[in-house]
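The chain contents come next:
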Amino acid sequence: MAVRWYQWPSIERQLVTYGKSFLGPYAFAVELEDNPNICLSGVCDFARRSITVNPRAHPGPPRTQYLLTRGLLVHEVGHARYTTPRDDATPVVQQVTNVLEDERIERIMGGQFWSVRRALTALTRHCYLRVPPLGQPRGELQDPDDPRWLVLAALQWRWAQRLVLPLKGELSKPNQQRWRQVKPLVERAWVAPDTGRVYDLAERIVAILDLEQNLPEQVLVLVAPSRGMRADPAEPRPGSGTDWQDPGKSAVDDDELPAEVATAGHNPERLLAPPGPLLAAAEPLASELVARLALPEVARTPEWSDRHGRLSLRAAIRSQDATPFVMPAEPEPDPQSVAVGVLLDRSGSMDGARMEAARVAAATLHLACADLEVWHGVVAFEGAEWILRSGDASERALARLAGLPAITGSAMSPAYEAILNEMTARPETLKVLVIIHDGEPHDPPAVQHLNHCAAEARIEVLGLGVELEAGNRRAMRRLFGERFIDCPSAAALAPLLGGVVNTLRQR
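In what follows, the accompanying structure is described. Not measured: the values here are computed from a predicted model.

Each value, and the rule that gives it
- Residues numbered from 1 in each chain as written.
- Predicted model: local features only at pLDDT ≥ 70, side-chain atom pairs only at ≥ 80, totals over all residues.
- Heavy atoms only, no water.
- Helix = DSSP H or I, 4+ residues; strand = E, 2+ residues; numbered from the N terminus.
- Buried < 20%, exposed > 50% of the residue type's maximum accessible area, 1.4 Å probe, protein only.
- Contact = heavy atoms within 4.5 Å.
- Areas by Shrake-Rupley, 256 points an atom, 1.4 Å probe, with all protein chains shown as cover.
- Pairing = 2+ DSSP bridges.
- Axes fitted to C-alpha atoms, helices over the stretch in contact; angles between N-to-C directions.
- Core = buried A, V, L, I, M, F, W, Y, C linked by side-chain atoms within 4.5 Å.

Secondary structure summary: the chain contains 16 helices and nine strands in total. Relative to its 507 residues, the chain shows a buried fraction of 54%. Of the contacts formed within the chain by residues at least 6 apart in sequence, a portion of 74% connects residues at least 24 apart. Total accessible area on the chain stands at roughly 22200 Å², and carbon and sulfur atoms take up 52% of it.

A few words now on the sheet that holds strand 2 (residues 42–45). Spatially, 1-3-2 is the arrangement adopted by the three strands of the open sheet, whose pairing is mixed. Looking at which strands have only one partner, the edges of the open sheet turn out to be strand 1 (29–32) and strand 2. Within the sheet, the average angular offset between the axes of one strand and its neighbour, ignoring direction, is 10 degrees. Across four bridges, strand 2 lies against strand 3 (residues 50–53) in antiparallel orientation. Counted as the bridge partner of G42 is V53 from strand 3.

Looking along the chain, the bond that leaves F381 and enters E382 is cis, with omega of 15 degrees. Looking at where E382 falls in the secondary structure, it is placed in the loop between strand 5 (375–381) and strand 6 (385–389). A positive phi angle, close to 55 degrees, is found at V164, a residue other than glycine. Positive phi outside glycine occurs at R458, with the angle close to 60 degrees.

Turning our attention to the nonpolar core. By size, the foremost hydrophobic cluster in this structure holds 79 residues, and its most contacted members are I51 and W179. By residue number, the principal contributor to this core is helix 5 (residues 149–163), which donates eleven residues. For W179, the residues in contact, after removing those within four places along its chain, are L150, A153, A154, W157, L167, L171, P184 and V186. Within the second largest apolar cluster, 46 residues are counted, among which are A361, C369, C487 and A490.

To continue, consider the sheet that holds strand 8 (residues 459–466). Pairing within the open sheet is mixed, and its six strands lie in the order 6-5-4-7-8-9. On the outer flanks of this sheet lie strand 6 and strand 9 (484–487), each paired with one strand and no other. Neighbour-to-neighbour, the strand axes of this sheet turn through a mean angle of 20 degrees, independent of strand direction. Sheet strands in contact with helix 11 (residues 353–372) are strand 4 (338–345), strand 5, strand 6, strand 7 (430–436) and strand 8, and its direction is about 165 degrees off that of strand 4.

Structure representation (structure tokens):
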């Protein structure tokens, strides 16, 4: 399974931050949505105070889609800042106003923010190249004299003017005469002081063309249909000196998709899945686990602490020579003294909710150990495949974990032996191996033997079962005895592991 370029959490965060950076004083949520049934291209919803953009709205390679997505974000932010919807207008006036308003707000945004011009120009060029020629029958527009062609001409004219190109196709003679009347109104809307004036011009255009029925949206290819009403006044148009009309390039050439994910949509590595959902599920649990492993509260918690009343383990380690707030009786924590391994069952019997909980458990331990700078590794069986290693904080590692299927057999011992050998050779004082399993290995005698080897190597082995049935619980107890941890749900993981590891740490 391939991970699309916009499904990497770092890229999604980067785009959301990019969009929000131009919002000024307006509080709008910014999100990506690739479902065309929810968001076809871009939406600025004033009622929900949200901006939604579809990163797959326009076809092309990842680099192109990335740049066009930036253009869509800037466009929708322009609506959030400078558009004031009117609820008393007819649907056809709303549609014509949207066509006129799109160019107005892009000119303002390009004038206010030089760096967005390249993305807006790329979006303009892409739309111009994709739009069918005028007068070419399609959909509901079969009559070449239909006045609705003039609205399409107005939409195309803004792109053509930006690119210094002619209109594509040709209007019929009756529509050419109408266009001579409509064109000046269209261009006046582009420099209108506010949306109210654009509505007035749209009403005049609708009256000239005698448009009574709604426009066929399937042929309008609107870049940014907006919905909802403003809860606050839009900004007035800045002075004419900040307007922008011509094609432009960003003064800061930062509109390129980062090279490491430029080909993410065509990733040759198999068994990857979007890491975002797994990260969202594991991060709260990892934060809770980190908090449980942090030092306890003391009488005078300083501003220096970043854990809301708990001393950060990492901060305490890094400031061992100057920790006046650590009680003398508290042992100084040392991440070099702890190593954590995870052995993950991906056999067919783990399929479904059980495997999903196992992925979250492994991700939780990975994130917590990475935050605490504790050595750790995750190995999956059957076989001995390293899913991630300590020091690998890449999103690709989480994508491998997210895409790990439950399709193998249940021979545990090869993977168990591989991670046991690695941990035995490690220098840490405390070593914990967490085996996430459903209690039904094909090789129980070999597993029992490796449990004995782990005990001799002073490695604490914990059998972790998540959402197990009664029979699986009994099997896990036979394998791990008192070292079996029964987690009824993924949400119970952090408290259980935090308590167990704290108990081990105090020895």
